[in-house]
Amino acid sequence: MDKQAKIYIAGHKGMVGSAIYRKLVKEGFTNFVTRSSSELDLRNQQQVSDFFAQEKPDYVFLAAAKVGGIIANNTYRADFLYDNLQIQNNVIHSSYVNEVKKLMFLGSSCIYPKMAPQPLKEEYLLTGLLEPTNEPYAIAKIAGIKMCDAYRDQYGCNYISVMPTNLYGLNDNYHPQNSHVLPALIRRFHEAKEQNAAEVVIWGTGSPKREFLFADDLAEACYYLMQNYNEPGLVNIGTGEDLSIKDLALLIKQIIGYTGEIKFDATKPDGTPRKLMDVTKLTNAGWKYHTTLEQGIALAYHDFLSKGLLVAER
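Analysis parameters
- Residues numbered from 1 in each chain as written.
- Predicted model: local features only at pLDDT ≥ 70, side-chain atom pairs only at ≥ 80, totals over all residues.
- Heavy atoms only, no water.
- Pairing = 2+ DSSP bridges.
- Helix = DSSP H or I, 4+ residues; strand = E, 2+ residues; numbered from the N terminus.
- Contact = heavy atoms within 4.5 Å.
- Axes fitted to C-alpha atoms, helices over the stretch in contact; angles between N-to-C directions.
- Buried < 20%, exposed > 50% of the residue type's maximum accessible area, 1.4 Å probe, protein only.
- Salt bridge = Lys/Arg side-chain N within 4 Å of Asp/Glu carboxyl O.

*Asks:* In this structure, what is going on with the sheet that holds strand E2 (residues 32-33)? I would like to understand it.
*Replies:* Across a sheet, strands are paired by hydrogen bonds formed along the backbone, either parallel or antiparallel in direction. The strand order E2-E1-E3-E4-E5-E10 describes an open sheet built from 6 strands, whose pairing is parallel. Among the strands making up the open sheet, the edge pair consists of E2 and strand E10 (234-237). Pairing geometry for strand E5 (residues 159-164) and E10, over 4 bridges, is parallel. Bridging from a neighbouring strand, Val 162 pairs with Val 235 of E10. Each of strand E1 (7-10), E2, strand E3 (59-62) and strand E4 (102-106) is contacted by helix H1 (residues 15-26), which is oriented at about 155° to E1, the strand it contacts most.

*Asks:* How should the environment of Ala 138 be read in this particular structure?
*Replies:* Tracing the sequence through the fold places Ala 138 in helix H5 (residues 135-155). A relative accessible area of 0% means that Ala 138 is categorised as buried. Spatially, the C-alpha atoms of Ala 138 and Ser 109 are 8.5 Å apart, while their sequence positions differ by 29 residues. Not counting residues up to four positions away in its chain, the partners in contact with Ala 138 are Cys 110, Ile 111 and Leu 130.

*Asks:* Is there a simple way to explain the pattern of salt bridges in this structure?
*Replies:* Between side chains of opposite charge, a pair can form when the charged atoms approach closely. Enumeration according to the criterion identifies 13 salt bridges in this entry. The closest approach of N and O atoms between Glu 131 and Lys 114, which form a salt bridge, is 3.3 Å. Placement of the pair is Glu 131 in the loop between E4 and H5 and Lys 114 in the loop between E4 and H5, with a sequence separation of 17 residues. Given a relative accessible area of 28%, Lys 114 falls into the partly exposed group. Lys 307 is the salt-bridge partner of Asp 303, the closest N and O atoms lying 3.2 Å from each other. Highlighted residues: Asp 303 and Lys 307, both in helix H10 (residues 293-307), separated by 4 residues, approximately one helical turn. Note on Asp 303: relative accessible area 10%, which makes it buried. Put simply, Lys 6, Arg 35 and Glu 55 are held in one network by salt bridges that share partners.

Worth remembering: the numbers are spatial, not functional.
Written as structure tokens, this is what we have:
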């Protein structure tokens, strides 16, 4: 990417999009085009078509999506399917019509079958049934991967797909119902500490294992791949290491300084037993993460404190 190239980051205000923006600024890029969701509804085909025709970006990072944790995914099933299909259909097609040089589509590790062998290799896509609680979101993301490959096959578009593992970091969502597990635990332990609560109750058994990647590390991987990778299919982005939800809770408890008890509510769903990414393809391409989980959680908690609970109500 030339330093003067016009770059559109869809979802630039979100955790992932803002991390990509910070990385590109750090690398000396200056020609950005951005729109907030109130200025441009990516679900609206005509608005997206007009935007691309007017701005003609050279490169696109498609980081905009309707996202959430297990409760949000299971509650707003129609919204997660419809909104995400609309967003990616409109952006990918308008990128083709307006001759975007390269597009990166960001998906999620939930695209893989619930009972797929671990660690998750890229070739396991569409080899089994999905986790029911986030199936609509996963189906939308799978469609996005296949759409990028189809536009590559039929039109010669240089569109690449990356599948990040569970992410956390600056500008995360701390909503009490709609957030992912790591930011939800940061908020819960923080509030318990502030209120001197005797215990924190966590959904499930604590036994599922999850992998977590700091969002700024993801941004570095995305930049690296945008510069160096031009193949069909998808690339996993992660650390290649995981830990149990129980161990994650203990780590967050320690970093925040909460001294009460942790209890697990086994009547609540656990979700997928394990989601560890095989990052061999990414490692072979020349990139590896560098922020440890302890370092990243401390940075995320500092960001949470600096913004107050206003950020938590998003």
